[in-house]
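Working through the structure, step by step
If you want the building blocks of each chain, they are given just below.
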Protein chains: 2
Amino acid sequence: MAGGSEQGLRQRKQAATALAIERSAVALVLEHGLDAVTVDMICAASGVSQRTFFNYYRTKDAAILGAAPGKLDERQVREFLVSDSPDMLEELLGLLASLVPVNADTRELVAPRMRIISESPALMQKEMERLSGVHEEVAEVLYLRMRRAAPADESAEDTRRQSALVAHLVPGILRFSLEQGDGAAPGAISGLLARALTRLVPVRLTDRSGTETQAPPRL
Amino acid sequence: MAGGSEQGLRQRKQAATALAIERSAVALVLEHGLDAVTVDMICAASGVSQRTFFNYYRTKDAAILGAAPGKLDERQVREFLVSDSPDMLEELLGLLASLVPVNADTRELVAPRMRIISESPALMQKEMERLSGVHEEVAEVLYLRMRRAAPADESAEDTRRQSALVAHLVPGILRFSLEQGDGAAPGAISGLLARALTRLVPVRLTDRSGTETQAPPRL
DNA sequence: ACTGATTATGCAGTAACTGCACGTTAGCAT
DNA sequence: ATGCTAACGTGCAGTTACTGCATAATCAGT
């Protein structure tokens, strides 16, 4: 298996079919809009039967959005875990960027897809849902990293809760950066978040050894 | 009684039908699970035709989830805007709690619904989507409040971005609190978030009482 | 009671998606 | 090359969510 096309006719044909389907799907949606495109249209345009379409993709949306995000990149995860950068969030977002599976064939589809997604609330929702597929993994990685840097008096359970909460925030952050048009400076988000949060919650940073007392929820 | 039944037969019948549909939907899903319940089953159980079902609810999910969240409560919004509480987040969450429309008839359905939602990822997603319907309103309210308390050197544009970002975080926070089982202390979330965020992003804090700067977690 | 406007319903149709059976083809051993 | 086998593509029938339209039932004001 030296090159790429040394994988047997079968696999090459499958790749070609998948690519044809995705290309047709993206092109058709770009032209007619999500709701006006039916699975039958995509099938006709890509030359496969409807049944085959559903053998390749479980839903119409899946074909439009392309291959589902897989696992986090192991190497990047390891880097993340040992990093000491104060800006954990930015590193986390970098980690998540590796989620969108891109290869030579599908590269051309990335940009149109982002246009489609950001213009269709329904698809945006679906994409967030897909991204949430790594929720558990993100939570776990966050936990490990936060645990390592945790104050001595912080219980593992509390660290667990914190990482879970942050993991829940991730889709929102991604969505925000998507909607802002990601032309914005990549590091800008963590700064923005820092500023916002210091005013949103009573950040009482006495020091790490003192137990953080919850500010009284007095009006 | 001058209460509710003085609205004419027509409206009373409609309310009864809607209630019957929602009750049947919730009961059936509780018994058989979301996927095993068809619209036809709900119709049979509530004694309406399928067409009528779809006259009342646009989708099957809508019937299960009940009336869609409306606008934020005006009075509470006004209170929120003038409040000086340091825990803005907690107040915000309180504001959002007013979103789920509850009246005497539907009160019994709230608890079962929460069980259903937290056990079904698909429905959880839909509920978040519904909650996101107030996204713009939340962003605007947040903006006004944050603008009021903004540092002198902060541009309106920056405040705008901050509030938008926080508004994007809201669904995640709600979801987190839902999944944790809301038995947890209601005020706990902002504390948790504060602790998590100080370690997630480089927070440079000039505390209001003193000048305490949080050193980023150097390991 | 009569009339006009709502509302409920039946029916036909569309579209996403699934299970099954059957034919075709790639991959491999002889 | 040839033939076998397992994987794959496809057609078809069926289910389910949902919509438009025409019609019948029903309420509200006169």
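Being a predicted model, the structure only gives us computed values, none of them experimental. All residue numbers here refer to positions counted from 1 along the written sequence of the relevant chain. Chain letters start at A and ligand numbers start at 1, both assigned in the order the entries are written. Whole-chain, interface and lining totals are the exception, using all residues; otherwise, since this is a predicted model, local features are given only for residues with pLDDT of at least 70 and side-chain atom pairs are given and counted only at 80 or more.

Attention shifts here to the UniProt feature "DNA-binding region" (unreviewed entry) in chain A. UniProt positions are given in the numbering used here, feature names are shortened, and annotations may be inferred rather than shown by experiment. Per the UniProt annotation, the sites labelled "DNA-binding region" (unreviewed entry) are residues 38–57 of chain A. Strands are runs of DSSP state E lasting at least two residues, helices are runs of H or I lasting at least four, and both sets are numbered from the N terminus onward. As annotated, residues 38–57 of chain A has a helix share of 75% and a strand share of 0%, and its two end C-alpha atoms lie 14 Å apart.

So, about the protein's contact with DNA strand C. Defining nearness, a residue is near a molecule or strand when the C-beta atom obtained from its backbone falls within 6 Å of it. In the vicinity of DNA strand C lie 20 residues, with A:Gly8, A:Leu9, A:Arg10, B:Ser49 and B:Thr52 positioned nearest. Ranked by residue count, the leading element in the surface near DNA strand C is helix α1 (residues 8–32) of chain B, at four residues. Split by residue class, the surface near DNA strand C holds four nonpolar, eight polar and eight charged. Under the scheme applied here, ten amino acids are nonpolar (Ala, Val, Leu, Ile, Met, Phe, Trp, Tyr, Cys and Pro), four are charged (Asp, Glu, Lys and Arg), and all others, including Gly, are polar.

Here the copies were fitted onto each other by least squares, based on C-alpha atoms from residues at pLDDT of at least 70 in both. Under the fitted operation, chain B is carried onto chain A by 0.1 Å of movement along the axis and a turn of 180°, and the coordinates agree to an RMSD of 0.2 Å. Both chain copies can therefore be described as sitting about a two-fold axis. Both copies present the same face, since 85% of the interface residues in chain B are matched by interface residues at the equivalent positions in chain A. A residue pair is marked as a contact if its C-beta atoms, positioned from the backbone, fall within 7 Å.

With that settled, the discussion passes to the protein's contact with DNA strand D. Taken together, 19 residues lie around DNA strand D, and A:Ser49, A:Thr52, B:Gly8, B:Thr59 and B:Lys60 are the ones closest in. Listed by contribution, the elements that provide at least two residues to the surface near DNA strand D are α1 (8–32) and α3 (50–56) of chain A together with α1, α2 (39–46) and α3 (50–56) of chain B. Counted by class, the surface near DNA strand D contains four nonpolar, eight polar and seven charged residues.

Another point: the interface of chain B and chain A. Contacts between the two partners involve 46 residues from chain B and, on the opposite side, 43 residues from chain A. Going through the elements one at a time, α6 (88–97), α8 (121–131), α10 (156–179) and α11 (188–200) of chain B are the ones with two or more residues in the side of chain B that touches chain A. When residues of the side of chain B that touches chain A are assigned to their parent elements, the largest contribution, twelve residues, is made by α10(B). Considering only residue class, the side of chain B that touches chain A consists of 25 nonpolar, eleven polar and ten charged.

Here we take up the UniProt feature "domain: HTH tetR-type" (unreviewed entry) in chain A. The UniProt feature table records "domain: HTH tetR-type" (unreviewed entry) at residues 15–75 of chain A. Summarising residues 15–75 of chain A: 67% helix, 0% strand, and an end-to-end C-alpha distance of 26 Å.

A few words on the domain arrangement of chain A. Residues and elements named next belong to chain A. Where a domain begins and ends is set by an automatic assignment or by a domain database. When the domains of chain A are assigned, the result is domain 1 (10–65) and domain 2 (74–198). Relative to domain 2, the C-alpha centre of domain 1 lies at a distance of 29 Å. Across the boundary between the two partners, domain 1 contributes ten residues, which contact twelve residues of domain 2. Among the secondary structure elements, those contributing two or more residues to the side of domain 1 that touches domain 2 are α1 and α4 (60–65).

As a further point, take the confidence of the model for chain A. Any residue range with low pLDDT should be treated as having predicted coordinates unsuitable for detailed reading. For chain A, the average pLDDT comes to 87, and 88% of its residues sit at 70 or higher. Every residue carries a pLDDT, the predictor's confidence in it, which falls somewhere between 0 and 100. Below pLDDT 50 for its whole length, residues 206–219 of chain A participates in 19 contacts with residues either more than four positions away or in separate chains.

The relative placement of two packed helices comes down to the angle between their axes together with the axis-to-axis distance. Look at helix α10 (residues 156–179) of chain A against α11(B): their axes get within 9 Å of each other, and the N-to-C directions meet at 80°. With respect to their mutual orientation, α10(A) and α11(B) come out roughly perpendicular. Across the interface between the two elements, A:Arg161, A:Gln162, A:Leu165 and A:Val166 of α10(A) pack against B:Leu192, B:Leu193, B:Arg195, B:Ala196 and B:Leu200 of α11(B). Only C-alpha atoms enter the line fits that serve as axes; for helices the fit covers just the stretch in contact. Angles between N-to-C directions range over 0 to 180 degrees. Comment on the angle field: the value is read as roughly parallel under 35 degrees, roughly antiparallel over 145, roughly perpendicular from 65 to 115, and oblique elsewhere.

Residue and element names in this part refer to chain B. For α8, the complete set of buried residues consists of Glu-127, Met-128 and Leu-131. Down the axis of α8, the buried side of the element spans an arc of 100°, and every buried residue falls inside it. For α8, the elements touching its buried residues are α4 (60–65), α7 (107–119) and α10. Partly exposed residues are those whose C-beta has more than 12 but fewer than 20 other C-beta atoms within 10 Å; 20 or more makes a residue buried and 12 or fewer makes it exposed, with C-beta atoms placed from the backbone. What the arc describes is the spread of directions from the helix axis to the C-beta atoms.

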